[in-house]
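# A look at the structure
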Amino acid sequence: MSTRIATETGSQALRAAAWMMGAVAAFTSMAVAGRAVSFELDTFEIMAYRSVIGAGIVAATLGLRGRWGMVGLRRPELHLARNLAHFTAQNLWFYAIISLPLAQVFALEFTAPLWALVLSPLLLGERLTGPRALAALLGFAGILLVARPGAAPISPALLAAAGCAVGFAFTYILTKKLTVQVSTAEILWWMTLSQAVFGFACAALDGDIALPSATTLPWIALIAAAGLSAHFCIASALRLAPATLVMPFDFLRLPVIAVVGFLAYGEPIGVWVVLGAALILAGNYLNLRAGTGGHGMARAARR
């Protein structure tokens, strides 16, 4: 009996790891695709077209699975706040990956759960324990090593990378509030639909909305599909294994994107980024061990 249980547990862990590798591939491909379209579209246009395609994918999935009954509009004010936070953060993320080495952007992005950790006592009434405070300190020490204020100029792109992490933290917190009351299907539907509206509205501010070319359109489709796929992969992994086992696999995104940046774009892998990333990831892992794995699940909802 115990052997069979151990075998089943090991099998589930392997399947969870496979799902997380899918999430790593999805996040990496989204960064590469974002760079590919940046020469033709601005970040608002990227968000608009990606959200239109994403809404189509969500609508088709809900229709095929007969899940439209799960989609209502409960707590519209929370949906609006969450989607504005996510829209702002995602635009900053696209701007950052266009302008900075990919590894540096991903390292700073990984501070989002730590920002959520700091903000949760204020917005959710959660208690900031000693281990969680240590996790936050490690993460913010890592930020200083990655950004190195004073040793290198603080550029708009660097501020965008740091700002997107704060925006994603608000997204996590608002997602956590929403998931208590509404379904994931409802969150995804209103996210994609509202962000298509936000994207086109912002893109129209300069009086010129560029249409994606035949070359760019597949990249936009990849961005939309990758974001939704990452959510599905992480959710599937978390159904099979605990967050403390699953979410450390997400940390593989950082070395993977560093290798991609080096091979595809000739971006050097700086020692300060490596050291800072190590502290940030250590803070995230300590946060998970302290019992805050729920923030890791919310990470997928941002894309």
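It should be emphasised that the depicted structure is a prediction, and the values quoted were computed from it without experimental measurement.

The contact between helix H4 (residues 102–109) and helix H7 (residues 156–179) brings their axes to 8 Å, and the two run at 35°. For H4 against H7, the interelement crossing comes out right-handed. On H7, the residues touching Gln104, Leu108 and Glu109 of H4 are Leu158, Ala161, Ala162, Ala165 and Phe168. Class assignment for the residues of the contact of H4 with H7 results in 6 nonpolar, 1 polar and 1 charged.

This next bit is on helix H5 (residues 112–123). Regarding H5, the residues found buried are Ala112, Pro113, Leu114, Ala116, Leu117, Leu119 and Ser120. One or two residues past the end of H5 sits Gly125, with phi positive at roughly 75°.

Moving on to the pattern of salt bridges. In the structure shown here, the tally under the stated rule is 5 salt bridges. In this structure, the salt-bridge partner of Arg253 is Asp250, at a minimum N-O distance of 2.8 Å. Like Arg253, the residue Asp250 is buried in the burial classification. Salt bridges here are not isolated pairs; linked through shared partners, they connect Glu109, Asp250 and Arg253.

Turning our attention to the packing of aromatic side chains. Tallied over the entire structure, the rule returns 9 aromatic pairs. Between the aromatic rings of Trp68 and Trp189, the centroid separation amounts to 5.1 Å while the plane-to-plane angle is 80°, which identifies the pairing as edge-to-face. Here Trp68, found in the loop between helix H2 (43–64) and helix H3 (76–99), pairs with Trp189, found in helix H8 (residues 184–203); they are 121 residues apart in sequence, far enough to count as distant. Trp68 gets classed as partly exposed once you look at its relative accessible area, which sits at 38%. Classification of Trp189 as buried rests on a relative accessible area of 15%. When the centroid spacing of 6.2 Å and the interplanar angle of 45° are considered together, the rings of Trp93 and Phe106 count as tilted. Of this pair, Trp93 sits in helix H3 while Phe106 is found in helix H4, placing the two residues 13 residues apart along the sequence. The pair formed by Trp93 and Phe106 is uniform in burial state, with each residue classed as buried. Put simply, the rings of Phe44, Phe87 and Phe198 pair up and form one aromatic cluster. In this arrangement the basic side chain of Arg35 is found over the ring face of Tyr265, its NZ or CZ atom lying 4.4 Å from the centre. Stacked on the ring of Phe27, the Lys or Arg Arg253 has its end atom at 4.3 Å from the ring centre.

Next up on the list: unusual backbone geometry. For Arg75, which is not a glycine, the phi torsion comes out positive at approximately 55°. Structurally, the position occupied by Arg75 is in the loop between H2 and H3. Given the relative accessible area of 31%, Arg75 is considered partly exposed.

Time to look at the environment of Arg253. With respect to the helices and strands, the residue Arg253 is situated in helix H11 (residues 253–265). Here Arg253 falls in the buried class, since its relative accessible area comes to 0%. At 2.8 Å, the side chain of Arg253 and the side chain of Asp250 are in polar contact.

The subject of this paragraph is H11. Three- or four-residue spacings in an α-helix give side chains the same orientation, since the helix completes a turn every 3.6 residues. Under the 1.5 Å per step criterion, the end-to-end length of H11 is 17 Å for 13 residues, consistent within 8% with the ideal 18 Å. By the burial criterion, the buried members of H11 are Arg253, Leu254, Ile257, Ala258 and Gly261. Around the axis of H11, the buried residues are gathered within 130° of arc, so they sit on the same side.

Take the nonpolar core next. Within the largest apolar cluster, 61 residues are counted, with the highest numbers of intra-cluster contacts made by Trp93 and Leu254. Among the elements that make up this core, the one with the highest residue count is H7 (10 residues).

Relative to the helices and strands, Thr179 is located in helix H7. Exposure remark for Thr179: the relative accessible area of 42% places this residue in the partly exposed category.

This part takes up the confidence of the model for the chain. Mean pLDDT over the chain stands at 84; residues scoring 70 or higher make up 89%. No element of the chain has a lower mean pLDDT than helix H13 (residues 294–301), at 43, and none a higher one than H3, at 94. Below pLDDT 50 for its whole length, residues 292–302 participates in 38 contacts with residues either more than four positions away or in separate chains.

Each value, and the rule that gives it
- Residues numbered from 1 in each chain as written.
- Predicted model: local features only at pLDDT ≥ 70, side-chain atom pairs only at ≥ 80, totals over all residues.
- Heavy atoms only, no water.
- Axes fitted to C-alpha atoms, helices over the stretch in contact; angles between N-to-C directions.
- Helix = DSSP H or I, 4+ residues; strand = E, 2+ residues; numbered from the N terminus.
- Left-handed = near helix turned anticlockwise from the far one by under 90°.
- Contact = heavy atoms within 4.5 Å.
- Nonpolar A, V, L, I, M, F, W, Y, C, P; charged D, E, K, R; others polar.
- Buried < 20%, exposed > 50% of the residue type's maximum accessible area, 1.4 Å probe, protein only.
- Salt bridge = Lys/Arg side-chain N within 4 Å of Asp/Glu carboxyl O.
- Phe/Tyr/Trp six-rings, centres within 6.5 Å; stacked < 30°, edge-to-face > 60°.
- Lys NZ or Arg CZ within 6 Å of the ring centre and 35° of its normal.
- Polar contact = N/O pair within 3.5 Å; in protein donor to acceptor, adjacent residues only side chain to side chain.
- Expected span 1.5 Å × (residues − 1).
- Arc of directions from axis to C-beta.
- Core = buried A, V, L, I, M, F, W, Y, C linked by side-chain atoms within 4.5 Å.
- pLDDT = per-residue confidence, 0-100.

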